[in-house]
Amino acid sequence: MASFKRSDGRKVNELRPMTAKVGVVPNADGSALFAFGDTIAIAAVYGPRLLHPQHMQDPKQATLRVNYDLLSFSVYDRKKPGPSRRSQEISKMTEYALSPVLDLKEFPSTVIDVQIYILQADAGTRTAGINAASMALAHAGLPMKNLVCSVAIGKQDTTVVADLTKEEEDFHEGEGATDFPLAKIANSDQFTLVQLDGNIATELVAEVLEMANETCAEVYEVQKKALKAGATQ
Amino acid sequence: MMGMDISKNTFEAMKTLVEQGKRFDGRALTEYRAVEISYDVSKAAEGSARVRMGKTEVIAGVKLTLDKPYPDSPEKGNLLVSGDLLPLASPRYEVGPPKFDAIELPRLVDRVIRESHVIELDKLVVKAGEKVWTVIIDVYPLNDDGNLVDAAVLAAIAALKQAKMPGVTEAGFPDYKHRTKQAVPLAKELVPLSVTLFKLGNALFIDPTREEAEAAEVKCNFGLTKQGKKHMIHSAQKTGAKPFTQKELETAAILIGEKYDELYDKLKKVL
């Protein structure tokens with residue numbers, strides 16, 4: 001395993017340099033930026049606010065509504081603006097990834113809107129988006145059980161690696177590339193996002209989950225530090 | 001899970017029962033309903049199949065068209081999977097723009113077929129960079145009694161295995177009325193199948209009825225093949241707000257291999 005050379009020279013379990021900052025959208029109730037290397041996501045939270053139209057309201061709890069999208073110039077082949085089936089799916093998966101840490105019953109009939117946009121994409125956009133959104137929710141002062149941390153674990157041929165770049169996602173030798181984005185509630189064994197594309201033996205799943213634990217702990221420290229820095233401003 | 005159509009009493013009773021390892025219809029938690037495959041839903045399709053899992057029924061059809069290749073794969077044919085949750089198949093479905101589960105179904109079918117590379121797209125080139133075959137798979141449930149994705153993947157694979165290439169007219173258009181005897185190029189040793197695990201309380205189970213699928217708090221779909229002695233996962237997606245624990249995911253990784261083998265053994269004669 002140690003013999004495998006990643007295209008950018010990182011160690012197998014090494015994340016790209018992370019950047020995190022809160023308060024990037026002053027108009028929002030909470031906002032954050034999170035980057036893995038060249039993948040940059042910003043998230044803004046609006047709400048809880050009354051949900052319109054009225055028939056969409058849930059009298060038992062708040063509705064978490066996530067909108068994830070790539071900005072048109074975030075990718076080399078310009079992305080046509082507006083929702084695609086891919087972005088709708090990622091938005092839904094992000095709702096599922098974040099809602100377990102929120103106390104939605106506290107705010108019946110309201111909506112919590114989370115807007116996530118990718119400024120620059122180099123793979124791992126949904127995981128960067130989840131990390132930014134989790135920070136933005138905390139920055140908005142919403143009651144939360146914990147932060148959610150997300151990392152795409154992946155595979156190059158038969159070697160499990162963390163946080164793939166686009167170049168690594170396009171790797172074709174041997175068993176090729178696998179992208180296995182995961183999110184979990186910080187410091188717990190609870191996984192809130194599980195997606196996979198590629199080619200990975202079932203017997204490697206345990207190793208992937210261990211690497212997710214280890215790397216999500218690093219994400220958590222970066223998120224916490226940025227939130228603390230934002231609070232003292 | 002997607003919108004509770006069952007009463008709180010049914011939900012509670014089912015949760016108590018599955019946590020004891022039992023189900024309303026007497027099956028074990030990891031026991032399939034009867035599975036059946038038949039062919040030739042439409043002679044106008046290049047290949048088509050019908051799958052029944054208990055009362056769930058899904059049909060799939062394969063059509064081929066001649067198109068331009070995508071710029072990032074000039075020497076490969078194209079794959080397109082679509083489908084719809086027809087209001088015919090359930091009182092829960094409505095006409096109109098697709099809701100999330102209607103978007104998710106063909107995307108999950110697409111991912112396991114695409115990522116397993118079962119279709120040899122490099123053999124579907126007529127003229128590199130200019131003209132290639134597009135394989136279009138459409139899946140439609142005819143009766144939704146749960147576990148649609150597993151049934152839809154099975155129907156898609158069955159239809160693909162049976163599909164024959166259309167002829168080509170002198171002018172270079174597809175000739176659907178004079179189909180060739182040539183099969184759609186597939187990696188014969190690969191049989192992608194889908195195994196979806198559902199979770200309610202602390203119980204994991206497979207092949208739910210509609211009622212069980214509604215009660216489930218979260219599910220995780222896996223698309224896999226067997227290559228030599230190893231089971232390879234090509235696609236996965238957790239749908240639902242409840243988390244899975246690390247232990248549950250590790251258990252899942254073993255269970256899906258066992259269920260793959262069981263389903264494949266049952267069907268290898270007809271696939």
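For the structure itself, look to the data block above.
S.K.: Sorry if this is basic, but what is going on with the environment of Gly172 of chain B here?
M.R.: Residue and element names in this part refer to chain B. Its location among the elements puts Gly172 in the loop between β7 (167-168) and β8 (174-175). By relative accessible area, Gly172 is classed as buried at 14%. Through-space distance from the C-alpha of Gly172 to that of Leu66 is 8.8 Å; in sequence the pair is 106 residues apart. Residues contacting Gly172, with those up to four places away along its chain left out, are Leu66 and Lys131.

S.K.: Help me out: how do you make sense of the interface of chain B and chain A in this one?
M.R.: When the parts come together, some accessible area is lost, and that loss is often what is quoted as the size of the interface. If you look at the interface, chain B gives 31 residues, while chain A gives 31 residues. Around 2900 Å² of area is buried between chain B and chain A when both sides are counted, 56% of it from carbon and sulfur atoms. The three residues of chain B that bury the most area against chain A are Ile233, Lys238 and Gln246 of chain B, which together make up 21% of that side's buried surface. At the boundary of chain B with chain A, the tally comes to four salt bridges. Between Glu89 of chain A and Arg111 of chain B there is a salt bridge, and its shortest N-O distance comes to 3.0 Å. Inspection of the region where chain B meets chain A yields 16 residue pairs in polar contact (both at pLDDT 80 or more). Tallying contributions element by element places strand β12 (residues 230-239) of chain B first for the side of chain B that touches chain A, with 10 residues. Here the side of chain B that touches chain A is composed, by residue class, of 15 nonpolar, nine polar and seven charged. Across two bridges, strand β9 (residues 190-201) of chain A lies against strand β13 (residues 244-245) of chain B in antiparallel orientation. Residue Gln190 of chain A lies in a different strand from β13 of chain B, and its bridge partner there is Thr245 of chain B.

S.K.: Would you mind showing me how to read the side chain of Lys238 of chain B here?
M.R.: Looking at the secondary structure, you find Lys238 of chain B in strand β12. Put simply, Lys238 of chain B is tucked away with no salt bridge, and the nearest opposite charge, on Glu248 of chain B, sits 10 Å away. At 2.6 Å, the side chain of Lys238 of chain B and the backbone oxygen of Thr192 of chain A are in polar contact.

S.K.: Is there a simple way to explain the pattern of salt bridges in this structure?
M.R.: Two side chains bearing opposite charge may form a pair once their charged atoms approach each other closely. One pass over the structure, following the stated rule, counts 42 salt bridges over all chains. A salt bridge links Arg92 of chain B to Asp144 of chain B, with the nearest nitrogen and oxygen atoms 3.8 Å apart. Note that Arg92 of chain B is positioned in the loop between β4 (78-83) and α2 (100-116) and Asp144 of chain B in the loop between β6 (131-143) and α3 (148-162), a separation of 52 residues in sequence. As a salt-bridge pair, Glu248 of chain B and Lys199 of chain B come within 2.8 Å of each other at their nearest N and O atoms. Of this pair, Glu248 of chain B sits in helix α5 (residues 246-267) while Lys199 of chain B is found in strand β9 (residues 193-200), placing the two residues 49 residues apart along the sequence. For the pair Glu248 of chain B and Lys199 of chain B, a shared accessibility class is recorded, and that class is buried. A single network of salt bridges, built from pairs that share partners, joins Arg6, Asp8, Arg10, Arg16, Asp122, Asp163 and Glu168 of chain A.

What counts and how
Counting of residues starts from 1 at the beginning of each chain's written sequence and follows it residue by residue. Here the convention is simple: chains get letters from A, ligands get numbers from 1, in the order in which they are written. This being a predicted model, a pLDDT of at least 70 is required before a residue's local features are given, and a value of 80 or more before pairs of side-chain atoms are given or counted; all residues contribute to the totals for chains, interfaces and linings. As a convention, hydrogens and water are excluded, and side-chain values are obtained from all of the structure's heavy atoms. A run of H or I in DSSP becomes a helix once it reaches four residues, and a run of E becomes a strand once it reaches two; helices and strands are each numbered from the N terminus. Only protein chains enter the accessibility calculation, which uses a 1.4 Å probe; a residue is then buried when its area is under 20% of its type maximum, exposed when over 50%, and partly exposed in between. Between two residues, a contact is recorded if the distance between any of their heavy atoms is within 4.5 Å. Accessible area that two parts lose when put together, evaluated with a 1.4 Å probe and summed over both, is termed the buried area. Here a salt bridge means any side-chain nitrogen of Lys or Arg lying within 4 Å of a carboxyl oxygen belonging to Asp or Glu. Two N or O atoms count as a polar contact when they lie within 3.5 Å, although within protein this holds only if one can serve as hydrogen donor and the other as acceptor, and sequence-adjacent residues are included solely when both atoms are side-chain atoms. Three classes are used, and their members are as follows: Ala, Val, Leu, Ile, Met, Phe, Trp, Tyr, Cys and Pro are nonpolar, Asp, Glu, Lys and Arg are charged, and the others, Gly among them, are polar. Pairing between two strands requires that DSSP report at least two bridges joining them. Only four residue types enter the tally: Lys and Arg on the positive side, Asp and Glu on the negative side; His and the chain ends are excluded.

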